[in-house]
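One letter stands for each residue in the lines below.
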2 protein chains.
Amino acid sequence: MLKRYFPILEWLPVYDRQTLSSDLIAALIVTLMVIPQALAYALLAGLPAIVGLYASILPLFAYAVFGTSRTLAIGPMALVSLMTGAALIEVAAPGSTVYLEAAITLAFLTGVILTLMGLFRLGFFANFLSHPVVSGLLSASGVLIAASQLAGLAGLDASGFTLITQLSNLFSHLDGIHWPTLAIGLVSVTLLQLFRRSRPRLKSWGMNARYADFLVKLGPLFVVALTTAICWAANLPAFGVAVVGEVPSHLPPLGVPSSDLGVWRDLLVPALLIGIVGFIESVALAQMLAARRRQRISPDQELIGLGVSNIASAVSSGLPVVGSLSRTVVNFDAGAQTPAAGAFAAIGVAFVTLYLTPLIRFLPIATLAAIIIVSALTLIDIKTLKRTWRYSYGDAAAMLATIALTLVQGVEAGVIAGVGLSVGLYLYRTSRPHSALVGRVPGTEHFRNIQRHQVESSERVALLRIDESLYFANARYLEDTVYGLVAEHPEVDHMVLICSAVNLIDASALESLEAINLRLKDSQVTLHLAEVKGPVMDRLKHSDFLQHLTGQVFLSTYAAWSGLRHGHSPSSGSRDQGRTPAKKDAG
Amino acid sequence: MLKRYFPILEWLPVYDRQTLSSDLIAALIVTLMVIPQALAYALLAGLPAIVGLYASILPLFAYAVFGTSRTLAIGPMALVSLMTGAALIEVAAPGSTVYLEAAITLAFLTGVILTLMGLFRLGFFANFLSHPVVSGLLSASGVLIAASQLAGLAGLDASGFTLITQLSNLFSHLDGIHWPTLAIGLVSVTLLQLFRRSRPRLKSWGMNARYADFLVKLGPLFVVALTTAICWAANLPAFGVAVVGEVPSHLPPLGVPSSDLGVWRDLLVPALLIGIVGFIESVALAQMLAARRRQRISPDQELIGLGVSNIASAVSSGLPVVGSLSRTVVNFDAGAQTPAAGAFAAIGVAFVTLYLTPLIRFLPIATLAAIIIVSALTLIDIKTLKRTWRYSYGDAAAMLATIALTLVQGVEAGVIAGVGLSVGLYLYRTSRPHSALVGRVPGTEHFRNIQRHQVESSERVALLRIDESLYFANARYLEDTVYGLVAEHPEVDHMVLICSAVNLIDASALESLEAINLRLKDSQVTLHLAEVKGPVMDRLKHSDFLQHLTGQVFLSTYAAWSGLRHGHSPSSGSRDQGRTPAKKDAG
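Residues numbered from 1 in each chain as written. Chains lettered and ligands numbered in written order. Predicted model: local features only at pLDDT ≥ 70, side-chain atom pairs only at ≥ 80, totals over all residues. Heavy atoms only, no water.

- Under an unreviewed UniProt entry, chain A has the name SulP family inorganic anion transporter and belongs to Modicisalibacter luteus.
- According to its UniProt record, chain A has this under Subcellular location (unreviewed entry): "Membrane". (UniProt positions renumbered as here; feature names shortened; annotations may be inferred.)

1. Some points on the side chain of Ser141(A)
All names here are of chain A.
No. 1: With respect to the helices and strands, Ser141 occurs in helix α8 (residues 131-153).
No. 2: Assessed through its relative accessible area of 0%, Ser141 is described here as buried.
No. 3: Apart from residues no more than four positions distant in its own chain, Ser141 is found in contact with Leu79, Leu82, Thr406 and Val411. (Helix = DSSP H or I, 4+ residues; strand = E, 2+ residues; numbered from the N terminus. Buried < 20%, exposed > 50% of the residue type's maximum accessible area, 1.4 Å probe, protein only. Contact = heavy atoms within 4.5 Å.)

2. Some details on the domain arrangement of chain A
No. 1: Split into domains, chain A comes out as domain 1 (17-424) and domain 2 (435-564).
No. 2: One C-alpha centre belongs to domain 1 of chain A, the other to domain 2 of chain A, and the line joining them spans 54 Å. (Domains from an automatic or database assignment.)

3. Brief notes about the nonpolar core
No. 1: Core analysis: the biggest nonpolar cluster contains 107 residues, and Leu39(B), Ile145(B) and Leu267(B) have the highest contact counts within it.
No. 2: Setting aside residues up to four positions removed in sequence, Leu267(B) forms contacts with Ala87(B), Leu88(B), Val91(B), Ala102(B), Thr105(B), Leu106(B) and Leu109(B).
No. 3: Within the second largest apolar cluster, 100 residues are counted, among which are Ala27(A), Ala147(A), Val263(A) and Ile360(A). (Core = buried A, V, L, I, M, F, W, Y, C linked by side-chain atoms within 4.5 Å.)

4. Quick look at the interface of chain A and chain B
No. 1: Each side of the interface is counted separately: chain A has 69 residues, and chain B has 68 residues.
No. 2: For the pair chain A and chain B, the two sides together bury roughly 6,400 Å², of which 52% comes from carbon and sulfur.
No. 3: The interface formed by chain A and chain B includes 4 salt bridges.
No. 4: When the shortest N-O distance is used, the salt bridge between Asp538(A) and Arg452(B) registers 2.9 Å.
No. 5: Taken together, the links from chain A to chain B amount to 21 residue pairs in polar contact (both at pLDDT 80 or more).
No. 6: Contributions of two or more residues to the side of chain A that touches chain B are made by α8, α14 (261-292), α19 (382-391), α21 (411-431), α22 (472-488), α23 (507-522) and α24 (534-540) of chain A.
No. 7: Partitioning the side of chain A that touches chain B into residue classes produces 25 nonpolar, 21 polar and 23 charged. (Buried area = accessible area lost by both parts, 1.4 Å probe. Salt bridge = Lys/Arg side-chain N within 4 Å of Asp/Glu carboxyl O. Polar contact = N/O pair within 3.5 Å; in protein donor to acceptor, adjacent residues only side chain to side chain. Nonpolar A, V, L, I, M, F, W, Y, C, P; charged D, E, K, R; others polar.)

5. Things to note about the sheet that holds strand β3 (residues 435-440) of chain B
Residue and element names in this part refer to chain B.
No. 1: Spatial strand order, β4-β3-β5-β6-β7-β8: 6 strands in an open sheet with mixed pairing. Two strands in the sheet have a free side with no partner beyond their single neighbour: β4 (447-449) and β8 (553-554).
No. 2: Strand contacts of helix α26 (residues 557-564): β3, β4, β5 (461-466), β6 (494-498), β7 (526-530) and β8, with the helix running at about 170° to β6, the strand carrying the most contacts. (Pairing = 2+ DSSP bridges. Axes fitted to C-alpha atoms, helices over the stretch in contact; angles between N-to-C directions.)

6. A word on the side chain of Glu302(A)
No. 1: With respect to the helices, strands and loops of the structure, Glu302(A) is situated in helix α15 (residues 299-315).
No. 2: Within the structure, the side chain of Glu302(A) is placed 2.7 Å from the side chain of Thr68(A), a separation counted as a polar contact.

7. Focus: the sheet that holds strand β4 (residues 447-449) of chain A
All names here are of chain A.
No. 1: Sheet architecture is open: 6 strands sit in the order β4-β3-β5-β6-β7-β8, paired in mixed fashion. In this open sheet, the two strands that pair with only one neighbour each are β4 and β8 (553-554).
No. 2: This element, α23, spans β6 (494-498) and β7 (526-530) of the sheet and lies at about 140° to β7.
No. 3: Packed on one face of the sheet, helix α26 (residues 557-564) meets β3 (435-440), β4, β5 (461-466), β6, β7 and β8 and runs near 170° to β6.

8. Quick look at the relation of the copies chain A and chain B
No. 1: When chain A is fitted to chain B, the best match, at an RMSD of 0.2 Å, comes from turning it 179° and sliding it 0.1 Å along the axis. Within this description, the copies of the chain are treated as partners about a two-fold rotation axis. No C-alpha of chain A lies nearer the rotation axis than that of Ala501(A), which sits 1.8 Å from it.
No. 2: Both copies contact each other with a shared surface, as 97% of the interface residues of chain A are interface residues in chain B too. (Least-squares fit on C-alpha atoms with pLDDT ≥ 70 in both.)

9. Things to note about the packing of aromatic side chains
No. 1: Scanning the entire structure with this criterion turns up 19 aromatic pairs over all chains.
No. 2: With a centroid separation of 5.2 Å and 55° between ring planes, the pair formed by Phe351(A) and Tyr355(A) is classed as tilted. Residue Phe351(A) and its partner Tyr355(A) are both found in helix α17 (residues 340-356); the two are separated by 4 residues, about one turn of the helix.
No. 3: On the basis of relative accessible area, Tyr355(A) is assigned to the exposed category, the value being 53%.
No. 4: When the centroid spacing of 5.2 Å and the interplanar angle of 45° are considered together, the rings of Phe6(B) and Phe66(B) count as tilted. Placement of Phe6(B) in the loop between α1 (2-5) and α2 (8-11) and of Phe66(B) in helix α5 (residues 58-66) is noted, with a sequence separation of 60 residues between them.
No. 5: Assessed through its relative accessible area of 32%, Phe6(B) is described here as partly exposed.
No. 6: What makes Phe66(B) buried here is its relative accessible area of 19%.
No. 7: Between Arg519(A) and the ring centre of Tyr483(A), over which it is positioned, the NZ or CZ distance is 3.9 Å. (Phe/Tyr/Trp six-rings, centres within 6.5 Å; stacked < 30°, edge-to-face > 60°. Lys NZ or Arg CZ within 6 Å of the ring centre and 35° of its normal.)

10. A closer look at α15(A)
All names here are of chain A.
No. 1: Taking 1.5 Å of rise per residue, the 17 residues of α15 would be expected to cover 24 Å, and the 24 Å separating its terminal C-alpha atoms lies within 8% of that figure.
No. 2: Most of α15 sits out of view: 14 of its 17 residues are buried.
No. 3: Among the residues trailing α15, Ser317 stands out with phi positive, at a value near 60°. (Expected span 1.5 Å × (residues − 1).)

11. Notes on the environment of Val374(B)
Residues and elements named next belong to chain B.
No. 1: Its location among the elements puts Val374 in helix α18 (residues 365-377).
No. 2: Once the C-alpha coordinates of Val374 and Pro220 are considered, the two residues, 154 residues apart in sequence, prove to be 9.9 Å apart.
No. 3: Beyond its immediate stretch of four places on either side in the chain, Val374 contacts Val189, Leu192, Gln193 and Arg196.

12. Points about unusual backbone geometry
All names here are of chain A.
No. 1: One non-glycine residue, Asn235, adopts positive backbone phi at about 50°.
No. 2: Note that Asn235 resides in the loop between α13 (219-233) and α14.
No. 3: The partly exposed category is assigned to Asn235, whose relative accessible area is 40%.

What follows is the structure, encoded as structure tokens:
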């Protein structure tokens, strides 16, 4: 019980020296990686860069205690920072104290919501965003994130959280381009792209694959060091190049949330959406990596782990945090064995915050923008869109709609539309169920669609296979199908509904079955069921439908076929060959 | 084509004398019934009683031209009047001109929305309210409607559209009870109940069943006549008994909708909900009666019929109208053959409006309240709740929640919650699909759950039947199930997923299947599919899953069983006995 809520108790008691050394190495690499990312993502949310470092210390300790993934690297993340910025701009002006307080409030609310969801075991909610919709959301936010940083890259003062506001802001400020800043930005982008693509070359030079990966991952740190050095050497701030500037060298101060209840209320929905998006992204990532090492994570406990991490971020003046895709993969590859690696990385970040902030004073904002742009572009995933389109137009349409809405209306609208579209598409698909008249494959006990296969069928016995669970959305459609069939084939005496694919009959569908039974009785047609699944049959026994059924319930289609084919009248001659005897005689 | 949009062309050309006489008799009965109801329901919506008559003339002509049901009786209806009142009170003060204009605006908006839905063929939307939820909605609104009239019955001036406001208003005004009014109200309720229950007695006195029914239905008219006569004879208005009073004797004036755009905007959502609720109720009723006479109605054209009727109501200063349950049943029983019966009834109402309004001047409001209360109580349906509870706790819970929310928050909240709960319940049910390891029923080609039946099974071949379509909400659950099974049974070499109940594999589930395939490959387990349905197989061929599948696709479970049982290693010896050859060798 205690272990369920404190997963640290699973691994801490068996922590040994070898695990320690693996974790320490991974922590070192992640620390080097997290610094430019944390600074950049804080900026993306419209916050001072240092807030990103604040959010990368305490939350990592919290996750080490409460998280179930061994390798998830917690901290600021691009998509979530974009959503954070979009939410904060609605309640405060960037740069103001109110804005900082709102960020703390948002992190706190996100944390509380996630923790409560975890305590109420609502982890399954994550399943309601379909993969194509999540993929569309990530692609569209990749575009949004990259576009949002174009202004920073060119030294402009323009921002926005939908593509239209971003681009119109950008174009209206185009005359203010600061050329030295743009030069630094473009050089940074170019260098970052070169690093990204250098892996095959490094390996072809005979470098060990693992070292090659390591070097590639440190690309952003190298670019940060290089451009900071240039800025310092050439004293570029004097020429108007924006830099991070003086930052206080102390541990995160205690977070003070907003004292305005209106702000809390306005941030409630954004906090919920940030929590859900962050949770889905983190859990998908954690599950993927846990599967590779045959470990298991618990989605409900992950909610608590992420929730407490966000509360920890709020307490230490940070912004909402989730599992970071890029750092988690690096952490995993570098051999992290336990969440202690995250705690060690937190110590690393704390050290930097305390002693090395003077080093980032000359770090150009344009370099941070370049880091965000290059990593955001990797989110754009055309391949999945193409593959989905080939597989199913419906899924692809939901994906395209999510992309369009995210670009035009922002990430929140995209998430809501994505869930709505996924659910709507599924309901639409199941509301007009496929059904098929089947016949016997000669010489066997198998029955197949008479339109697809060469099969035996009887004029008087209609064997109708229903290919869907029966529930309110398709109950009326079922009635129409059966009535239409009987009207088309007046020679039919027996209607057998084959329920091998019926996994559920809800109360609405039960009423429709009762109506069908009555109406067929009026038309002198006997209604039978076949291959009713155990759980469905159990449920039907709780109603009086079986008592009123004019026909029988057969164990198999074959039993129905052989029992009814040679009957002489609709109300006689039918034998029940199945093991489930009908409650009443036919007729 | 023309007939589709003008169903009148179906029956008018073949209209004959015999149909005319049937329709005329039905029209006479319905006219006598509609008058007290129309007056009462207008009052329920907070409108002058005469507006109810206005809404019972032109809409009936409109429906005769555009409706597909031969017997649906259009006009004001209790539930819809309650929703109308709840919507209007938000935008105007009862009794004001603005309130009247808002009612006209609401009818117009409802009409336009329904007509548009019909033109876009959105009739299937009606399917998204499950039967238990509709039943719960009707029961709860029966309580609400009855409670809303208690004040009128006692001569109090209190109203409200949720149970709490109604009861608290009532109790705070309790000292103002007007005893003569209450006496009239209670006498009316008693008489109405006596009429309702007199049918068996009348028949036991030897009266023809049809005449007995007719007499019973005229009960309200009799009570109206009696109490009006008493009020007139004793000059009760002078003692403070509220009556309908002077009403203008002319045909409905031309409706003037609100000139305030804000009112239009505020009434948009109520109009949508009134339209949907009215449509569902009307179509369910029309379908039930059409089925009895082997006629068919078209839900899409019904939307247009109801839509144009509402526009007609707005044009003639009325309120939103739908099919009335009680009058429709009477119309049907009285032998109405075509919508012309409705048109004749409209002429009857017009005649009353022109020449007989002086007669209703002394009609007590308490009598109208009594009529509403008695008919509202019949909406309360405990039997369905009990039956649903016995059949399925989930459906019953959705029903109870709808009832509770309707009582506490009003009908609109109830409708929205009802749809949400129906959909949520279905998603929840399908998100944790039932699955079963199956074995062979000895000597047959049938396979059944090894936990429910005595069957043969093989240690090395796991036959897993999935009892649900695979889609985003259960994709991860499927992965967990398969991985759990393999972890529990390390001796398994072959995993066969039996897809007889899988009617859909969406893009998310396809990704999960790909992940399962890869992961099982790592564990030296071969993945096979069996009994994949035609439409699902067609779709899978649009992906590259079948190329990557480590095992085969078998036509039947038996083919998989006999092919795999005697194999010597996971990667050899399997034969495909099905007609769907696998794309690749196993392994």
